[in-house]
There are 2 protein chains.
Amino acid sequence: MNITADIELRDREEDYININPLQTAGRTTVEARKAILSYIDGYSVCDWCKGALCEMDKLPVKKFLDEVSAFLGMDASILTDGAREAKYAVLHAITSPGDSVVIDANKHYTTYVACERAGVKIYEVAGSSHPEYGINPDDYAKVFEQVKAETGALPKLAILTHVDGSYGNVVDAKAVGRICRDYKVPFLLNCAYSSGRMPINGRELYADFISSSGHKSWAAGGGNVGLLSISEGWKGKVFKVSGKYKVKPLEILGCSSRGSSTLALMASFPHVKERVKNWDKEVENARYVASELEKIGLVNLGVKPRQHDVNFFESEILYRISQTHKDKNFFLYKELKDRGIIGIKAGLTKNFKLSTYGKTQEQVKHLVWAFQDIVGKFGK
Amino acid sequence: MNITADIELRDREEDYININPLQTAGRTTVEARKAILSYIDGYSVCDWCKGALCEMDKLPVKKFLDEVSAFLGMDASILTDGAREAKYAVLHAITSPGDSVVIDANKHYTTYVACERAGVKIYEVAGSSHPEYGINPDDYAKVFEQVKAETGALPKLAILTHVDGSYGNVVDAKAVGRICRDYKVPFLLNCAYSSGRMPINGRELYADFISSSGHKSWAAGGGNVGLLSISEGWKGKVFKVSGKYKVKPLEILGCSSRGSSTLALMASFPHVKERVKNWDKEVENARYVASELEKIGLVNLGVKPRQHDVNFFESEILYRISQTHKDKNFFLYKELKDRGIIGIKAGLTKNFKLSTYGKTQEQVKHLVWAFQDIVGKFGK
């Protein structure tokens, strides 16, 4: 078997408008591409290492991390291999197997899996039902009380998905943070779909920990990289270093994302700092798409008014078309592709999500037109 | 501060003969570069995901991993973020805090840090003294007995650094494996400096687990990626999946290296499979450099005859030169750079390591000439 021959060259960013929520805010900048190309060879970030990735100064990793902390309103940051590894790092550092941890119903699966790996008992804050699937901050207090009643102790950690990747609901993190502060439960805010896209200030949200995804929301591209930012008091526990190798933080096994992804994250950072200022415009685009697609019969789920670039739709009309279209349930994928749009999972017609992050007004209008055209052509 | 402006474009592979042991066998192939470029945008490896990175078939990740297992003489493999993450995955999956684990004196620091993170008690097999720094396999049995005497139980895991990155000593892994088998102690062979460079058959070495480094030794380039390969009996424990998300292995938090590094690893694999067949030639080059540099007064450390591309040297003569050269201890770095060679840590003269992996005979001869020329010019 020739594996190389089986790797399809990928052209979706160059040839299409990509609306995959996983990818819109991870698209590389010119600067990131330059950095990746330049550092493409083996372990190249280590050229000037003096012992620890996050302390490097010749490549300005330390400076970058200090700026990230300021940017996120936190006190200290380290590089991780991604948001999931940041969450697990916190879990592993401050909980023990058997402890209780509270998460939310809209969590990314990795929050759950990280908890399982840490061996903790998982309590879940339920979401509201269809069509909103919202998280009510006050429910955190209720679940804290439940944990206390059932186990005799408050949970060791509360995790909130700031914005989930399905409905794009922005939860009132400050309200959850205040409850955590009141109960003295450490608060981890998973910002995989928020930091890097929209302005975040962890201090104002009472966050003890923030996990961020470089490849998902910081324009760092296709190598996985993330960030773990913490408030001052947690340094000793969460950034604890090896007893023998005094510069090596245990929870990232010394150095985490020791490659070009880190350079890409750094190279895109000036752009990221600027782009979060345009958040209003991103929300406006998302609302425009939601309202236009509702006009042609799609139903936009999630909490209204929309506050995020990720939109979830239910669509009876597209499902109905799929019943008679020659391409069956793959018709939407194909018809959109024919119109230069990609990123909705192939095979979906009844339920799907999309993101307009970083798209121009012209692209957003084209997207709306594409749906109108498809429904107009096949939906009689 | 403009972080982007502070990222120096890197040219050491293009403009120099790079002899940094960390980097020689990680240098990208043309195919890897093509894959990285093509998959450079956010989370691009997930385009065709059906739920789990290691099971992907449209991008032939699963096929690739099956071939890797065959290539390494193991039964199953998954992708990790690197060799250190593979070692921690095994430690976390099969030990509990307080358990005993045996490692070797020539371990990479991450072996120690992974043990610390897992909370295990570390016992170390001592190495022989200067100039060999060898690991005697029989000492594993002695330390097992010591652990048993002190704790009442055998260790839960033994880790051996197959080849260390300082002296390039190739340990008789089969002998260690046989001892582990006799004592029924699970055996993790860290192949960060061996698999991908030289032929490995885990089954013949009695290895239960093999950790590999994609960016270090599999020509996968600058994004970190690794491999964890296991023997059949360990699937349930080490590749255990989430109770809720049935395709997501806990120890890699569902999906590990979810980016272009994985594509690069796959794209370079046909080349890697071929290049290990030239191992004799690599060893020959290393021996040639060692013997030629000894002729001009350097001392080659490690077990003789050399069996690996990494060579460690002690040099009184170069140290003596540094005492009077205008560039002081940076002279060797600068003089080599002037002769088109890079990769020995700036500032070192008395002790340093280098690797000739993948170099042509012409490059190896040039390297020897450069040292001869420097010693000839300044060493009077």
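Residues numbered from 1 in each chain as written. Chains lettered and ligands numbered in written order. Predicted model: local features only at pLDDT ≥ 70, side-chain atom pairs only at ≥ 80, totals over all residues.

Draft legend 1. The arrangement of the overall build of chain A in detail. Helix and strand content of chain A: 14 helices and 12 strands. Taken over the C-alpha trace, chain A has a radius of gyration of 22 Å; the compact-globule value for 380 residues is 21 Å, and the two agree within 12%. Considering chain A as a whole, with its 380 residues, one finds that 57% of them fall into the buried category. Long-range contacts, defined as pairs at least 24 residues apart, comprise 67% of the intrachain contacts of chain A with a sequence gap of at least 6. (Helix = DSSP H or I, 4+ residues; strand = E, 2+ residues; numbered from the N terminus. Rg over C-alpha atoms; globule rule 2.2 N^0.38 Å. Buried ≥ 20, exposed ≤ 12 C-beta atoms within 10 Å, placed from the backbone. Contact = placed C-beta atoms within 7 Å.)

Draft legend 2. Examining the sheet that holds strand 9 (residues 299-300) of chain A more closely. Residues and elements named next belong to chain A. Read across the sheet, 3 strands follow the order 9-10-12 without closing on themselves; strand pairing throughout is antiparallel. Either end of the sheet is taken by a strand with one partner, and the two such strands are strand 9 and strand 12 (351-355). Alignment of strand 10 (residues 310-314) against strand 12, held across 5 bridges, turns out to be antiparallel. Bridging from a neighbouring strand, glutamate 314 pairs with asparagine 351 of strand 12. (Pairing = 2+ DSSP bridges.)

Draft legend 3. Representation of the domain arrangement of chain A. Residues and elements named next belong to chain A. Per the domain assignment, the segments making up chain A are domain 1 (4-26 + 278-378) and domain 2 (30-275). Taking only C-alpha atoms into account, the centre of domain 1 sits 29 Å from that of domain 2. In terms of residue count, strand 10 provides more of the side of domain 1 that touches domain 2 than any other element does, 3 residues in total. Each residue belonging to the side of domain 1 that touches domain 2 can be placed in one class, and the counts come to 10 nonpolar, 6 polar and 3 charged. (Domains from an automatic or database assignment. Nonpolar A, V, L, I, M, F, W, Y, C, P; charged D, E, K, R; others polar.)

Draft legend 4. Representation of the packing of helix 5 (residues 83-94) of chain B against helix 6 (residues 109-118) of chain B within the structure. Residue and element names in this part refer to chain B. Running from N to C, helix 5 and helix 6 point in directions that differ by 35 degrees, and their axes come no closer than 9 Å. By crossing handedness, the relation of helix 5 to helix 6 is classed as right-handed. Residues Arg84, Lys87, Tyr88, Leu91 and His92 of helix 5 form the contact with helix 6, whose own contacting residues are Thr110, Thr111, Ala114, Cys115, Arg117 and Ala118. By residue class, the composition of the contact of helix 5 with helix 6 is 5 nonpolar, 3 polar and 3 charged. (Axes fitted to C-alpha atoms, helices over the stretch in contact; angles between N-to-C directions. Left-handed = near helix turned anticlockwise from the far one by under 90°.)

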